[in-house]
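Fold and contact review
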Amino acid sequence: MWLDSPDEAGILLAPYGSASPRAMATYERILASYRRSFPGMPILLAFTSGLMIKRLEEREGIAVLSIEEGLEQLSGLGCIQAVAQSLHIVPGGEFHRLASQARGYELKEADREEGLRIGIGLPLLSGLEDCLRLSGALPPLWNEPPRGEEEDAVLLAGHGTGHPADALYSQMAQVLRRDHGRVLLGAIEGFPGIKEMIEELKTCRAEKIRLRPFLLVAGGHAENDIAGPGRDSWKSTLEREGFEVDVRLKALGEMDGVVALLQEHTRRALESMKRGCLNPAPGT
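This one's a predicted model, so the numbers in the text were calculated from it and none came from an experiment.

Focus on helix H6 (residues 167-180)
Helix length check: H6, at 14 residues, gives a terminal C-alpha distance of 20 Å against a target of 20 Å (1.5 Å per residue), a fit within 8%. Among the residues of H6, those classed as buried are Leu168, Tyr169, Met172, Ala173, Val175, Leu176 and His180. For H6, the angular spread of buried residues about the axis comes to 165°, placing them on one side. Those residues of H6 that are exposed and angled more than 90 degrees off the buried face are Ala167, Gln174 and Arg178. Considering only its buried residues, H6 is in contact with helix H5 (128-137), strand E6 (152-158) and strand E7 (183-187). Just downstream of H6, Gly181 is the residue with a positive phi angle, here 75°.

Set out below in structure tokens:
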């Protein structure tokens, strides 16, 4: 049944995780935004990556919950239903790890009279509607749009994934080109990578590149793989090819419009639970 009292429902925010102080500050910002938007609900942060939980504790002395620990805490706070809200970009392997962990915890609770019921909030991109809405929220990431035949272009660097959900990056790239012209999206760990992006930039005769992360937080990938001084970073590679590069590490999670899209996914998950369906359909 649907719970009219917000005290009986909770939200667990679940990114992959990062040990970067800047990334942690962004997670805290998202957490604070959620607490303003869902007053009265217990809202916690947990990582899907055990490696990042361990690394953050070792490097920074900061303890972050695992998914199971976060759900256990929500249950202990009196919640009898919760939304595990994915803070991933696409429903790839880490999203499915979250869903599996949540389902495993729910099964463990099944014997309790008031065991925790869990719904899953979809990640940032789960279908065409999400791509269209995100495209509309992104222009502040690159400040001013590249125009017409001018020499500048925007290059967004996403993570990429070996999961079939990688197709959403391609769909997002097509939407960006349609909506904004010379705004390109590539993948740090996937296709198209920096080599293919350079070929495309040369084809469109771009000279000045606004390089931005297409990542929820500006953690290790942004600091090293995108903007780092190393020879293989995207910035260094572009500069060797003769491009003038303006790189800024403002991440998606630092943008109010993007966080609002994630919160809409959470609301849809709550509404699905109200209707007796634990998981909303992708793209709805």
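With respect to empty space enclosed by the protein
Evaluated as defined, the whole model comprises 2 cavities of 30 Å³ or more. What lines the largest cavity is Gly160, Asp166, Tyr169, Ser170, Leu185, Gly186, Ala187, Phe191 and Pro192. When residues of the lining of the largest cavity are traced back to their parent elements, those giving at least two are H6 and E7. With 3 residues, E7 is the largest single contributor of residues to the lining of the largest cavity. For the lining of the largest cavity, the class distribution of residues is 5 nonpolar, 3 polar and 1 charged. Approximately 30 Å³ is the volume found for the second largest cavity. Considering the residues around the second largest cavity, the lining is formed by Leu124, Asp130, Arg133, Leu261 and His265. Secondary structure elements with two or more residues in the lining of the second largest cavity: H5 and helix H10 (256-274). Class assignment of the residues belonging to the lining of the second largest cavity gives a composition of 2 nonpolar, 1 polar and 2 charged.

Describing the layout of surface pockets
A volume near 730 Å³ is recorded for the largest pocket. The wall of the largest pocket is formed by 32 residues, among which Tyr16, Gly17, His159, Leu215 and His221 lie closest to the centre. Elements that contribute at least two residues to the lining of the largest pocket include exactly helix H2 (50-60), helix H4 (93-109) and helix H8 (220-226). Sort the elements by how many residues they give to the lining of the largest pocket and H8 lands first, with 5 residues. Class assignment for the residues of the lining of the largest pocket results in 15 nonpolar, 13 polar and 4 charged.

What to know about the environment of Pro164
Looking at the element boundaries, Pro164 is found in the loop between E6 and H6. By relative accessible area, which is 67% here, Pro164 ends up exposed. Pro164 sits 71 residues away from Gly93 along the chain, and the two C-alpha atoms are 9.3 Å apart.

Structural notes on the confidence of the model for the chain
Reading predicted coordinates in detail is not appropriate for stretches of low pLDDT. For the chain, the average pLDDT comes to 90, and 90% of its residues sit at 70 or higher. Confidence, read as mean pLDDT per element, is least for H4 in the chain (90) and greatest for strand E2 (residues 43-47) (98).

Considerations on the side chain of Ser18
Tracing the sequence through the fold places Ser18 in the loop between strand E1 (9-14) and helix H1 (21-37). A polar contact is formed between the side chain of Ser18 and the backbone nitrogen of Ser20, at a distance of 3.1 Å. Residues within four places of Ser18 in sequence aside, it is in contact with Ala23, Met24, Tyr27, Phe47, Met52, Leu56, Gly219 and Gly220.

Some thoughts on the environment of Asn143
Looking at the element boundaries, Asn143 is found in the loop between H5 and E6. Sequence separation between Asn143 and Ala99 is 44 residues, and the spatial gap between their C-alpha atoms is 36 Å. In this structure Asn143 touches Arg212 and Arg248, once residues within four positions along its chain are discounted.

A look at the pairing of E6
The element E6 is largely enclosed, with a buried count of 7 among its 7 residues. Sheet topology places E6 next to strand E8 (residues 208-213); 6 bridges connect them, and they run parallel. Residue pairing for E8: Leu156 is matched across the bridge by Arg212. As judged from the 5 bridges shared by E6 and E7, these two strands associate in the parallel manner. Opposite Leu156, over in E7, you have Leu185 as the bridge partner. Handedness of the E6-H6-E7 crossover: right-handed.

Scoring rules and cut-offs
- Residues numbered from 1 in each chain as written.
- Predicted model: local features only at pLDDT ≥ 70, side-chain atom pairs only at ≥ 80, totals over all residues.
- Heavy atoms only, no water.
- Helix = DSSP H or I, 4+ residues; strand = E, 2+ residues; numbered from the N terminus.
- Expected span 1.5 Å × (residues − 1).
- Buried < 20%, exposed > 50% of the residue type's maximum accessible area, 1.4 Å probe, protein only.
- Arc of directions from axis to C-beta.
- Contact = heavy atoms within 4.5 Å.
- 1 Å grid on protein atoms, 1.4 Å probe; cavity = no way out; pocket = protein on both sides within 12 Å on 5 of 7 lines; lining within 4 Å.
- Points joined across faces, edges and corners; volume = space filled by probe spheres on them.
- Nonpolar A, V, L, I, M, F, W, Y, C, P; charged D, E, K, R; others polar.
- pLDDT = per-residue confidence, 0-100.
- Polar contact = N/O pair within 3.5 Å; in protein donor to acceptor, adjacent residues only side chain to side chain.
- Pairing = 2+ DSSP bridges.
- Right-handed = clockwise from strand over helix to strand, strands pointing away.

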